[in-house]
Amino acid sequence: MAAPSEPSPTTHATTWPASASVWIGVAGTATIVLGQWAAVLGCVPAWVNQEARGHAWFGGSLGGVLTAAILAAAAVLMQLPFDLLARTRPRPDAAPAPAPSLRSWWRRWWSGVWRWIAAAAMGGAVLGLAWEADADRWLAWSILGFGLLAGIAVTLPVRPGEAVAADPATDAWTAQVRQELVRLGLSLPRIRWFDHGERSLVGGWHGLGPWATLWLSRSLRDVPPPLAAGLVVREIGHADRGDRAFGVLASAAWIAAGLAVSWIMAGELLGEGPATPAGLVIVVAAVMSSWSLVGALLWPALGRRQVLAADR
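Residues numbered from 1 in each chain as written. Predicted model: local features only at pLDDT ≥ 70, side-chain atom pairs only at ≥ 80, totals over all residues. Heavy atoms only, no water.

Peer 1: Give me the pattern of salt bridges: which residues, what numbers.
Peer 2: With the rule as written, the count across this model stands at three salt bridges. In this structure, aspartate 134 and arginine 137 form a salt bridge, with 3.0 Å as the shortest nitrogen-oxygen distance. Given a relative accessible area of 54%, arginine 137 falls into the exposed group. Measuring nitrogen to oxygen at the nearest pair gives 4.0 Å for the salt bridge that ties arginine 234 to glutamate 235. (Salt bridge = Lys/Arg side-chain N within 4 Å of Asp/Glu carboxyl O. Buried < 20%, exposed > 50% of the residue type's maximum accessible area, 1.4 Å probe, protein only.)

Below is the structure:
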């Protein structure tokens, strides 16, 4: 497949209206969740669990890793048509920014895909190792393992997207933002840039303590420095208030509760005989996907109050 050429200077970015983009995202998520529950109601977990018991390597932690990776890859393929439909497309109009080429879109897409599959496989490994440590208490060991991984992920400044190097124009922009912060009696935090794939003002803290880094979407560089400084001040407010630490603890508690629900349902969905990591992963994936959707409806209200407090 020939690589598409970069858009001409008169070609600009366009996308679906905000409401349409939301519904495309909802449709993609619903497709994945409904597909998972169709597999669950079709007795797939019980069948995989039974098959895994007959294979030495597939019946252990490696079975959990492989099953999680396969489920993640399947979810990616189910979501791909919706991602392609919602992506920013080139169209001549009055928009101020050129649209990214299809090649750059695929590069960002693949960068996110391999991370997602690797993270899912790591989750399957944690579940499998917890089961091997104590098959009767895999819930407690898995909560401990996921908590440890989450703690490491929060501590390290993992970049949220494709890293973008600074240039002289960015350095000049940053210097003006620093002046605005100094005028307010604040210091400029460590800033790194990433490509969000859209023209949006996305940003947030990654890493704790000496590793704390404020990752900002490169679209923010198009915002006048005095206004951008206000957004940086808000992120400093979040850090000073400890909002991120509270959010991490709340998310950990929510995940632990979801795993407990998975543990309860696994006893009903895996049939007779001992459970295996391969079967457990399918049940946990379906339950946690739905559990995350419930959380997505509950947590924004709390997050909004935190944002307003940081603004003040």
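So, next bit.
Peer 1: How would you explain the nonpolar core if you had to name every residue and give the values?
Peer 2: Grouped together as the largest cluster of nonpolar side chains are 16 residues, with contacts concentrated most on Val177, Trp193 and Leu220. Among the elements of the structure, α6 (168–183), β4 (191–195), β6 (213–217) and α7 (225–241) are those that each provide at least two residues to this core. Here this core gets four residues from one element, more than from any other, and that element is α7. Excluding its chain neighbours within four sequence positions, the residues that come into contact with valine 177 are Leu188, Pro225, Ala228, Ala229 and Val232. (Core = buried A, V, L, I, M, F, W, Y, C linked by side-chain atoms within 4.5 Å. Helix = DSSP H or I, 4+ residues; strand = E, 2+ residues; numbered from the N terminus. Contact = heavy atoms within 4.5 Å.)

Peer 1: Lay out the packing of aromatic side chains in plain terms, naming residues and giving numbers.
Peer 2: Under the defined criterion, the tally for this structure stands at three aromatic pairs. When the ring of tryptophan 106 is compared with that of tryptophan 109, the centres are 5.1 Å apart and the planes differ by 85°; the resulting orientation is edge-to-face. You can see tryptophan 106 and its partner tryptophan 109 sitting in helix α4 (residues 102–133), three residues apart, about one turn around the helix. On the accessibility criterion, tryptophan 109 (17% relative accessible area) is buried. In this structure, arginine 221 packs its charged tip against the face of tryptophan 193, placed 5.3 Å from the ring centre. (Phe/Tyr/Trp six-rings, centres within 6.5 Å; stacked < 30°, edge-to-face > 60°. Lys NZ or Arg CZ within 6 Å of the ring centre and 35° of its normal.)

No statement about biological role is implied by the geometric values presented.
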